[in-house]
Amino acid sequence: MEFLTSSPEIHCFSELLDCSDGEEEEILVYGEDLELNPFDGLPYSSRYYKLMKEREELPVWKVKPTFMECLLHNQIVIVAGDAKTGKSSQIPQWCAEYCLSIHYQHGVAVCTQAHRQTAVWLALRVADEMDVNVGHEVGYFVPFESCCTTETILRYCTDDMLQREMMSAPLLTFYGVIILDDVHERTVATDALLGLLKAVLISRPELRLVILTAPHMSSKLQNYYGSVPVIRVESKHHAEVVYSCSTQKDHFLSALRLLFEIHHTKEKGDIVVFLACEQEIEKAYQMIRQEQCHLNPDLGELIPVPLYPTKQDLIPKPSQDKQKSHQKYRRKVLLTTSFGESLIWIRNVTFVIDVGVERRKVYNPRIRADSVRTQPISQSQAEMHKQIPGMSSTGKLFCLYPEEFTYKEMKPHLPAKIQESKLTSMVLFLKRMDIAGLGHYDFISRPAPESLMQALEDLDYLAALDNDGNLSEFGIIMSEFPLDPQLSKSILASCEFECVDEMLTIAAMVTAPNCFLHAPPGTEEIALTCWRKFSHPAGDHFTLINVFNAFKEASANPTSQYCSNEKWCRDYFLNCSALRMAGIIRVELVEIMKRLELPISAPDFGSKENTLSIKKSLLSGYFMHIARDVDGSGNYLMLTHRQVAQLHPFSSYFNTRKIPEWVLFHEFSISEENSIRVVSEISPELIVELVPQYYFSNLPPSESKDILQEVINHLSPVSTMKEEQKTNNDNKENEKFPQTPAEQRCTIQ
């Protein structure tokens, strides 16, 4: 699908991160002939020349002649640049100029980003600098949203979207130059692309690959690709670094105290705060907004901007109009984590506060869950934080840790995410690439064998692989959905159980950011009362359907639709942006279903038969996510391992009198407070009916497994007698017994 207009959140994102001071400088071009833009054939506007002056001041501009020469004579070019030197916005434009110079005979330019927000913002910024329209000459395509046409000559996209494009076009023949940006972030998709593009470059000698990375990655990339040119880009200025005398006991409160101290000094300049996790981003955002009314108005206004590396479209709208906002000084405060460095696009950052620690998720394949660890950031991350204020001659970095902490506690580099993440989706993609003829791939960092084996095992349980280990027809269809394979399996199962409409809503809601907001202090009980109106006795998956349907009903109000949505969400402590995103995701999933010619059953939510069908569909994909309350007090023991978890506070079962004994959950993570999220009640009879027998037989011994075995024996006593008879009559080897009910239970795979 193609959208030629951007969403309200995108306009808001662009406005909040705009570097201009609101005063437009008029530059008139005199002369008989106006200079024409070669990309659209129209005369350049005065704004183009204004922005060109700013572009020429960027550190990366000095290397343009060298870069263009390297691009002309080399298939691979590496640009190792400091943060905020302009490489992400300028180099893709130069690549577009290269494609234009050879009349697009080999294709157009595409630039990947690690984050959705960055891809959208860069497309908006670059279109402005090139003096062309977003959605025409410059565009973007990110998960569940596209703003491109067939005429687009420079595309920004997320790395996983280019990866998905390779499934239908393995040689990427539409592109003449591929730019991989932020390679040092080592996302799973980027690492996979680095290996797959090696084979593509051999098949397409005319293709150009440009790799943009931090300096510490350049030698590793050279070893990986061989003798390729490396262009170094350095910051204009070096920030003053101020270390604390000791490690802070409470790094979060220390960071906020320092933030307000800087604001009270009246030194101008925007501030970036690197926090440990996204929960701290949300907490800091709320605290700054609450404190705003107590600050001296003569100091100016603090504008907190939360930048979530793993969430989508959660940028708040400015609270004032432009005319009012420019009457006094406004200081932006960007709140992010160490993984959000590439989200920062304010060029006049003067102050950076770095807490020096992060909460990092590491996937454990043995228990199929993420462990959340609080640990020091790496030395390379700390170095990049120093480069953020590099455009300002008065830039300062405040490190909330002593200098020796850098060398004693921090590792030089963090492991690649491919070595710490769940790999089921990536292995499904690579299996799909085998079918496309690109079976030989080479990783720059080899994933752990245990993780790869667990991913293959899960795909086998989900019936995505055939007996030879290749993708089955079922697996090929699953790979068409930009979802976790377990969720894709549940959607496909819903076609059989005739509850597709409801399953698509669940898939959209669990894929979008969390729709329940953290209630401000003192309003927790009010929020819980509001959320209880959506509660469904069958569980959280069904509650999410109620929330989505209620949001749609509020959106259908013909009068003041946008304001009605916002007010309705505020009244019920719901995230309006997340619910809008769920709507976009659902529309895209419906389009995929239609393209694959899969049946979409009519909605029947609320009936007893429909509730049972939804549970069967969920179990078909999430039979590996089952837990049992072992003591009646909410201590849930995982069926696959010995970990114990409690219900998440957002669960509709939380703090209720009666909690279910057996549950199916969507997500589980190991942290200080182990919790299972999005939980629905499930019966043992339904479990043994739908869980594949070979998966059940591989479960470790436990009381829960014994209970399920008793259910199996109770449901199929005839089968048990026949098995005993077969054991006692060894001489009847060729006797054929009819298929037992236990074997029939494996049909939904």
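The preceding data block contains the structure.
Because the structure is a prediction, the values reported are computed rather than measured.

Below, the discussion takes up empty space enclosed by the protein. Rolled over the atoms, a probe with the dimensions of a water molecule shows which regions are left empty. All chains considered together, the criterion is met by five cavities of 30 Å³ or more. What the largest cavity holds in volume is close to 130 Å³. In terms of lining residues, the largest cavity is bounded by 17 residues, among which A83, K84, K87, S88 and E341 are the most central. For the lining of the largest cavity, the secondary structure elements donating two or more residues are α4 (87–101) and α12 (379–387). Of the residues assigned to the lining of the largest cavity, the class counts are five nonpolar, seven polar and five charged. By volume, the second largest cavity amounts to about 100 Å³. Lining of the second largest cavity is provided by L58, K84, T85, G86, S89, W121, I344, W345, I346, R347 and M391. The residue inventory of the lining of the second largest cavity, partitioned by class, reads six nonpolar, three polar and two charged.

This part is about the environment of V77. Looking at the element boundaries, V77 is found in strand β1 (residues 76–81). For V77, a relative accessible area of 0% puts it in the buried group. C-alpha of V77 to C-alpha of L209: the two residues are 132 residues apart in sequence and 6.5 Å apart in space.

Our next topic: the nonpolar core. Residues F67 and I178 are the most contacted members of the largest nonpolar core, which totals 170 residues. Contact partners of I178, with chain neighbours within four places excluded, come to V110, L162, L172, L197, L207, R208, L209 and V210. Judged by nonpolar contacts, the second largest core, of 26 residues, contains F252, L295, Y308 and F351.

A few words on helix α6 (residues 159–168). For α6, the buried fraction is high: seven of the 10 residues fall into the buried class. Among the residues of α6, those classed as buried are D159, M161, L162, Q163, E165, M166 and M167.

Counted according to the given criterion, the structure contains zero disulfides. The closest cysteine sulfur to the non-disulfide-bonded C147 is located on C148, 6.6 Å from its own sulfur.

Moving on, we come to the sheet that holds strand β3 (residues 138–142). An order of β4-β3-β5-β2-β6-β7-β1-β8 is seen for the eight strands of this open sheet, with the pairing classed as mixed. In this open sheet, the two edge strands, each paired with only one partner strand, are β4 (145–147) and β8 (230–233). The mean angle between the axes of side-by-side strands here comes to 20°, regardless of whether they run parallel or antiparallel. Contacting β1, β6 (175–180) and β7 (208–213), helix α7 (residues 188–203) runs over the sheet at an angle of about 155° to β6.

Within the secondary structure, V200 is located in helix α7. On the basis of relative accessible area, V200 is assigned to the buried category, the value being 0%. C-alpha separation for the pair V200 and L172, spaced 28 residues apart in sequence, amounts to 8.0 Å.

This next bit is on the packing of helix α9 (residues 251–264) against helix α10 (residues 278–292). At a closest axis distance of 11 Å, the pairing of α9 and α10 adopts a crossing angle of 35°. When the axes of α9 and α10 are compared, the crossing they make is right-handed. Counted together, H251, F252, L253, L256, L259 and F260 of α9 and E280, K283, A284, M287, I288 and E291 of α10 form the full contact between these two elements. Considering only residue class, the contact of α9 with α10 consists of eight nonpolar, one polar and three charged.

Attention now moves to the pattern of salt bridges. Applying the stated criterion to the full structure yields 30 salt bridges. Among the ionic pairs, K84 bridges to E341, the shortest N-O distance being 3.8 Å. With K84 in the loop between β1 and α4 and E341 in the loop between β12 (330–337) and β13 (349–354), this pair connects stretches of sequence that are 257 residues apart. The class of E341 is buried, set by a relative accessible area of 8%. Ionic pairing is found between R595 and E480, a salt bridge with its closest N-O pair at 3.1 Å. With R595 in helix α22 (residues 576–595) and E480 in the loop between α16 (473–479) and α17 (485–497), this residue pair connects regions lying 115 residues apart in the sequence. The class for E480 is buried, based on a relative accessible area of 16%. In this structure, a network of salt bridges that share partners links the residues K50, E54, R55, R125 and E129.

Calculation rules
Each chain has its residues counted from 1, running along the sequence as written. Where local features are concerned, this predicted model is filtered to residues with pLDDT of at least 70; where side-chain atom pairs are given and counted, the filter is 80 or more; whole-chain, interface and lining totals use all residues. As a convention, hydrogens and water are excluded, and side-chain values are obtained from all of the structure's heavy atoms. Using only the protein atoms, space was sampled on a 1 Å grid; points where a 1.4 Å probe fits but cannot get out form cavities, open sets with protein on both sides within 12 Å along at least five of seven lines form pockets, and lining residues are those with an atom within 4 Å of a point. Grid points are joined across faces, edges and corners, and a volume is the space filled by probe spheres set on the points. Only DSSP runs of H or I covering at least 4 residues are called helices, and only runs of E covering at least 2 are called strands; the numbering of each starts at the N terminus. Three residue categories are used. Nonpolar comprises Ala, Val, Leu, Ile, Met, Phe, Trp, Tyr, Cys and Pro, charged comprises Asp, Glu, Lys and Arg, and polar comprises the others, including Gly. Think of it in three bands: with a 1.4 Å probe and only protein chains considered, a residue is buried below 20% of the maximum accessible area for its type, exposed above 50%, and partly exposed in between. Buried Ala, Val, Leu, Ile, Met, Phe, Trp, Tyr and Cys residues that are joined via side-chain atoms within 4.5 Å together make up what is termed a nonpolar core. Contacts: residue pairs with any heavy atoms within 4.5 Å of one another. Whenever a pair of cysteine sulfur atoms sits within 2.5 Å, that pair is classed as a disulfide. For two strands to pair, DSSP has to find at least two bridges joining them. Every axis in this analysis is a line fitted to C-alpha atoms, fitted for helices over the stretch in contact. Angles between the N-to-C directions lie between 0 and 180 degrees. Handedness of a crossing is defined here by the sense of rotation of the near helix relative to the far one, left-handed for an anticlockwise turn of less than a right angle and right-handed for a clockwise turn. A side-chain nitrogen of Lys or Arg and a carboxyl oxygen of Asp or Glu constitute a salt bridge if their distance falls within 4 Å.

Read these as spatial facts, not as claims about activity.
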